[in-house]
Amino acid sequence: MNSSTNYLGKPCERVEDSALLTGGGRYLDDLPLPIGTLYAAVVRSPIAHGKIISVDVSAALKVNGVRTILTIDDVQAWSNPLVVAVKTPIRQWVLASEFVRYVGEPIAVVVAESRALAEDGVEKVLVNIEPLPAVVDVDIAIEDDAIILHKDIGTNCVSDRSFQYGDPEAAFEHAASIVDIDIRYPRNSCTPMETGGVVALWRGADSSYEVTSNFMGPFSLHVVMAAALKIPGTKLRHHVPPDSGGSFGVKQSVLPYIIMCCLASRKAGAPVKFIEDRLEHLQAATSATSRHTYLRAAVDVSGKILALDYDQIEDCGAYLRAPEPATLYRMHGCVTGPYQIENLKIRNRVVLINKTPTGLVRGFGGPQVYYALERLIHKIAKQYGKTHQQIAALNYVQKNQFPYRAAAGALLDSGDYQQALATLEASPEFKKMLDRRDRAQKEGRYYGIGIASIVEPSVSNMGYITTVLTPEQRAKAGPKNGAITSATVSIDPSGHISANIASAPAGQGHQTVISQLLADIFGLSPSLIQVNVDFDTAKDAWSIAAGNYSSRFAGAVAGTVFLAAEKLKVRIAAYAAHVLKVQPEDLIFANGRIAVAGQDDEGIPFSRMCGNFHWAPALVQKALGPDTCLALHETQFWSTDVLEAPDENDRINTSAAYGFALDACGIEIDPDTCSAKIDQYVTIHDAGRILNPALADGQVYGAYAQAVGAALFEEFVYSSDGNFLSGTFADYRLPTASDVGVPKIYHQESPSPFTPLGSKGIGEGNSMSTPVCIANAIADALDQENIVLPATPSRIHALLVKKGVIQQEKAVNKTSSMTPNSDYPLKARGEVRLMLPPEEIFAVLLNSARLKNVIPGCESIDEAPLSNGIRFDCIAVVRIGVAKARFEARVDLTNIQNPRSFSLGGEGRGPLGMALGMGQVTLRKEGDITILEYDYQAQVSGKLAAIGSRLLEGAIRLVLDQLFRALAKEAGAKPDGWLLTLINRIRAILGARK
């Protein structure tokens, strides 16, 4: 019983692309809405840490079009706090309760007839927060006198577990040398084109919620959401749209918005829609964890690694939001990577700080682990006078050892790491790198080669997260394991095939691969296959492991479709064999017919055979017996038996399959621009059986491009007081096509014995390997070990200074009249030339009625005396960059030396955040012109800070310039110099035309 078609394994064109390229995609924001849908906007915390004194929504409720406002009182009445994976009294509601703990934390939800009206309502919500000190560094957070985020816990370290496998103490005692590395991996994200979104509806008749969202799973969190909403899981119906504009893990962060919108719908009595804007997504959605790792290796005289000792401190943000600490424990079983290392110590600490809660970001856990491990391999190679490849090869798991059980429990299923290394060293690209490095060294240029080897886990064991619990805690809670996957295949009366999969794709091409697979099985054209990827938890088959994460599609989802289809094929073949009077194994499915092998032109149409199951079931039962299953509809559930629960010794096989990636990168450092330019990049992948080479390459390209961003450009930056400073793409820099280039990809196939098709994941490998490969190349180019990611020009400049390539420039500013203050990071300095005497400028400054005409957007102003000056309290509408809001402002004029100088201080509070500033203004006469010089420093918080320093400093200079020009205009100044000449010329031209 065979098929003669062979679509699988070929680079067939994507069936999804026609709709996507012609505007026919069906994303969440494109779908029709229920009648009466309202729109939500979120009131967020402008500061990183503070006690909520009051939230006054009365003015907002009076805004035309605002229907209702969800507050913490509603949330606590109708929901439960989110559950967490560790045993700790953390209570996280979907709105802040008593305290705010990160910039952007939701405080209230305004529901209105449009998004614009909802945002108008947000501006009217008055939130009074008493600021508290913030902690933004994990090392400071675990000190004895650290600021505590959650008083009920009494510590910022919510989990501290130590593990030991083998005899690491003996290995370190007898080692020829001990090599260590102290390293940090930064916070970053993947910035999908489509941000998170939800449409939620409360159905009071049966106390249920119906939700459509672009949540990507895992659908184990469906249970978490239902528990938070105080309903059974069957009362939370969840739809996933057909298309998603990227996810890369980060759309797991839609979870709290689903709960929030459900509750808002309940209060409004109408459907509620919410779509993140880009600033909200960057500021408050989620982030990869930042990790501080101290890693030691015990090494023998040859370079063989005898033991590893990890000390990992994980930054999970202000709350431990499910599924965290998944990022820390996903790689637990395979922290030894592709190496034979039998002795292992690990200490894992999960720490909370005043930053956005973390979550899943492409490769989650992998970049953090391999950044430490492969930087360590690089250091060992350098210390032993060997190449990275030589140390790696000495320690690789050998081909004949698979399946290989790693020290912490991962069962590495298959591979040939030595063959991948041979492919790399024989490649023309790698030889070119070696030649260019040699030539660069002779010419005094800085060219380095980086290497990285990683194993890429796919099809996660749903029990790996329980490794965070002690064996005793796990025994009490019950074992957790497996990766149940579901799929349904159906054949209609005309022989057309459809498949339903719960994989929530985000552009990977799942429909294409499944159509190829089913076409091969049934001997049909892929065009006759319909693959449905939008699913409904109330009607479609799904499991807690369903979703688009952990590279599970090829190994689990496609494999489960294969099993379901094979069952249908056996059923059809049994009937066809009876009709053709042969054995089922003699049949071949090809060209839309079922025939005897060797007689392909004869046989029976596939559609006719299937039609009899629908139209003439009696014929089928007569042929095969009365108990014959007549359904041409098969739902299959699958999980591999190698995914067991953690054992009593904390060993855990964290994934069903483990691919392999080996990368080499050639980078040249330009000392003039302090930039790192990728010259060549080679990546060798073993992902088991490749189902579609074009789509596999697409996954490699995508992961590589995002990893280049993580290595050289992208970082979520926070100030020392917890303000978020990367809220636009001006400050959170993404790589361009010219920055990324095109890597050379090589494939080899070592089929997995543990997945139905022998396939493994391939979508995350370069997210794990590329950042450290680039770091190793930079280290090689500059002969420096302390490589901090992202390796921005400023950081490379510091390395070049340390190396003595360039001299440190002394920051001397002879014109500044102020002492720099690190608490005021934004600077603005300049001068304005005005055609009037200084005395007239002061006449305006000291008159509140006239000053009102000067302050941009000022609606009202009151004057009060100070001991050394005057205070003006005003309300003004201010626009800075993309942000506009009404602020309550205070302007202080002090140290007044009329008419020569004064000190200018200010403070503003509004829905976009808070701003503080101080500066010095001096006036001096040069003939008929007064030169007004200003030197100003400022700090901002909330949405204002997220706009980013580049835009803010420019905007502050512009605002100050406009302020002083408006001041001169109010004082009756004439245009100065060139402007007066230009006006006179224009008047002369116009007069001549008359």
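Residues numbered from 1 in each chain as written. Predicted model: local features only at pLDDT ≥ 70, side-chain atom pairs only at ≥ 80, totals over all residues. Heavy atoms only, no water.

(A) Helix 22 (residues 765–782), seen in detail. The terminal C-alpha atoms of helix 22, which comprises 18 residues, lie 26 Å apart, in line with the 26 Å expected from a rise of 1.5 Å per residue. Of all 18 residues in helix 22, 17 are buried; the element is thus mostly enclosed. Backbone geometry just after helix 22 places Asp783 at a positive phi near 55 degrees. (Helix = DSSP H or I, 4+ residues; strand = E, 2+ residues; numbered from the N terminus. Expected span 1.5 Å × (residues − 1). Buried < 20%, exposed > 50% of the residue type's maximum accessible area, 1.4 Å probe, protein only.)

(B) Geometry of the packing of helix 16 (residues 510–522) against helix 17 (residues 553–580). With their axes 10 Å apart at the nearest point, helix 16 and helix 17 run at an angle of 30 degrees to one another. Taken together, the axis directions place helix 16 and helix 17 in an arrangement best described as roughly parallel. You can see that helix 16 and helix 17 cross each other, and the crossing is right-handed. For the pair formed by helix 16 and helix 17, the contact residues are His510, Val513, Ile514, Leu517, Leu518, Ile521 and Phe522 on the first element and Phe553, Ala558, Val561, Phe562, Ala565, Glu566, Leu568, Lys569 and Ile572 on the second. For the contact of helix 16 with helix 17, the class distribution of residues is 13 nonpolar, 1 polar and 2 charged. (Axes fitted to C-alpha atoms, helices over the stretch in contact; angles between N-to-C directions. Parallel < 35°, antiparallel > 145°, perpendicular 65-115°, else oblique. Left-handed = near helix turned anticlockwise from the far one by under 90°. Contact = heavy atoms within 4.5 Å. Nonpolar A, V, L, I, M, F, W, Y, C, P; charged D, E, K, R; others polar.)

(C) Just the sheet that holds strand 6 (residues 106–112), in detail. Ordered in space as 4-6-2-13-10-11-12-23, the 8 strands form an open sheet in which the pairing is mixed. In this open sheet, the two strands that pair with only one neighbour each are strand 4 (66–70) and strand 23 (535–536). Alignment of strand 10 (residues 197–203) against strand 11 (residues 208–213), held across 6 bridges, turns out to be antiparallel. Following the sheet pairing, Ala200 is matched in strand 11 by Val211. (Pairing = 2+ DSSP bridges.)

(D) A look at the pairing of strand 24 (residues 587–590). Both faces of strand 24 are covered, namely the face carrying Leu587 and Phe589 and the face carrying Ile588 and Ala590. Between strand 24 and strand 25 (residues 593–596), which follow one another and run antiparallel, lie 2 residues, and Asn591 among them has a positive phi close to 55 degrees.

(E) Focus on the confidence of the model for the chain. Residues of the chain with pLDDT of at least 70 account for 92%, and the chain-wide mean is 91. Counting interchain partners and residues more than four positions distant, the pLDDT-below-50 stretch residues 811–815 has 2 contacts. Confidence over residues 977–982 falls short of pLDDT 50; this stretch has 2 contacts with residues more than four positions distant or in other chains. (pLDDT = per-residue confidence, 0-100.)

(F) Inspection of the packing of aromatic side chains at higher detail. Per the stated rule, a full pass over the model turns up 21 aromatic pairs. Consider the rings of Phe402 and Tyr417, whose centres lie 5.3 Å apart with planes at 75 degrees: the pair is edge-to-face. With Phe402 in the loop between helix 12 (388–395) and strand 17 (404–405) and Tyr417 in helix 13 (residues 417–426), this pair connects stretches of sequence that are 15 residues apart. An identical accessibility class is assigned to Phe402 and Tyr417; each is buried. Following the ring pairs from residue to residue traces out a cluster consisting of Tyr339, Tyr396, Phe402, Tyr417 and Phe660. Looking at Arg296, its charged tip hangs above the ring of Phe172, at a distance of 4.1 Å from the centre. (Phe/Tyr/Trp six-rings, centres within 6.5 Å; stacked < 30°, edge-to-face > 60°. Lys NZ or Arg CZ within 6 Å of the ring centre and 35° of its normal.)

(G) Highlighting empty space enclosed by the protein. The tally for this structure, following the rule as stated, stands at 3 cavities of 30 Å³ or more. Of the pockets and cavities examined, the largest cavity occupies roughly 120 Å³. Around the largest cavity sit 15 residues that line it, and Val94, Tyr102, Pro106, Pro256 and Arg321 are the ones nearest its centre. For the lining of the largest cavity, the secondary structure elements donating two or more residues are helix 8 (255–268) and helix 9 (278–285). The element contributing the most residues to the lining of the largest cavity is helix 8, with 3 residues. For the lining of the largest cavity, the per-class residue count stands at 11 nonpolar, 2 polar and 2 charged. Looking at the second largest cavity, its volume works out to about 70 Å³. Surrounding the second largest cavity, 14 residues form its lining, Asn214, Val240, Ser244, Ala504 and Pro505 being those nearest its centre. Within the lining of the second largest cavity, the residues separate by chemical class into 8 nonpolar, 4 polar and 2 charged. (1 Å grid on protein atoms, 1.4 Å probe; cavity = no way out; pocket = protein on both sides within 12 Å on 5 of 7 lines; lining within 4 Å. Points joined across faces, edges and corners; volume = space filled by probe spheres on them.)

(H) Fine view of unusual backbone geometry. With an omega dihedral of 10 degrees, the bond running from Ala322 to Pro323 counts as a cis peptide bond. With respect to the secondary-structure elements, Pro323 resides in the loop between strand 15 (305–315) and helix 10 (326–329). One non-glycine residue with positive phi stands out, namely Cys674, at about 55 degrees. Tracing the chain through its elements places Cys674 in the loop between strand 28 (655–670) and strand 29 (675–686). Relative accessible area serves as the criterion here: at 7%, Cys674 is assigned to the buried category.

(I) Representation of the sheet that holds strand 30 (residues 744–748) within the structure. Strand order in the open sheet formed by 4 strands is 19-28-29-30, with mixed pairing between adjacent strands. The open sheet is flanked by strand 19 (446–460) and strand 30, the only strands paired with a single partner. On average, each strand axis in the sheet is inclined to that of its neighbour by 20 degrees, with strand direction left out of account.

(J) Expanded view of the pattern of salt bridges. All told, the structure shown has 41 salt bridges when counted by the stated rule. In this structure, the salt-bridge partner of Arg445 is Glu668, at a minimum N-O distance of 2.7 Å. Of this pair, Arg445 sits in the loop between helix 14 (428–442) and strand 19 while Glu668 sits in strand 28, and the two are 223 residues apart along the sequence. Owing to a relative accessible area of 30%, Arg445 belongs among the partly exposed residues under this scheme. Overall, Glu668 belongs to the partly exposed group, its relative accessible area being 25%. As a salt-bridge pair, Arg474 and Asp650 come within 2.9 Å of each other at their nearest N and O atoms. Pair noted here: Arg474 is in helix 15 (residues 471–477) and Asp650 is in the loop between strand 27 (633–638) and strand 28, with a separation of 176 residues, a long-range link. Taken individually, Arg474 and Asp650 each receive the classification buried, so the pair is uniform in this respect. One network of salt bridges, in which partners are shared, links Arg44, Arg115, Glu119, Asp277 and Glu280. (Salt bridge = Lys/Arg side-chain N within 4 Å of Asp/Glu carboxyl O.)

(K) Structural context of the side chain of Lys251. With respect to the element layout, Lys251 can be found in the loop between strand 12 (236–240) and helix 8. On the basis of relative accessibility, which here comes to 0%, the residue Lys251 falls in the buried class. Within the structure, the side chain of Lys251 is placed 2.6 Å from the side chain of Glu194, a separation counted as a polar contact. A polar contact of 2.7 Å, which involves the side chain of Lys251, links it to the backbone oxygen of Gly246. (Polar contact = N/O pair within 3.5 Å; in protein donor to acceptor, adjacent residues only side chain to side chain.)

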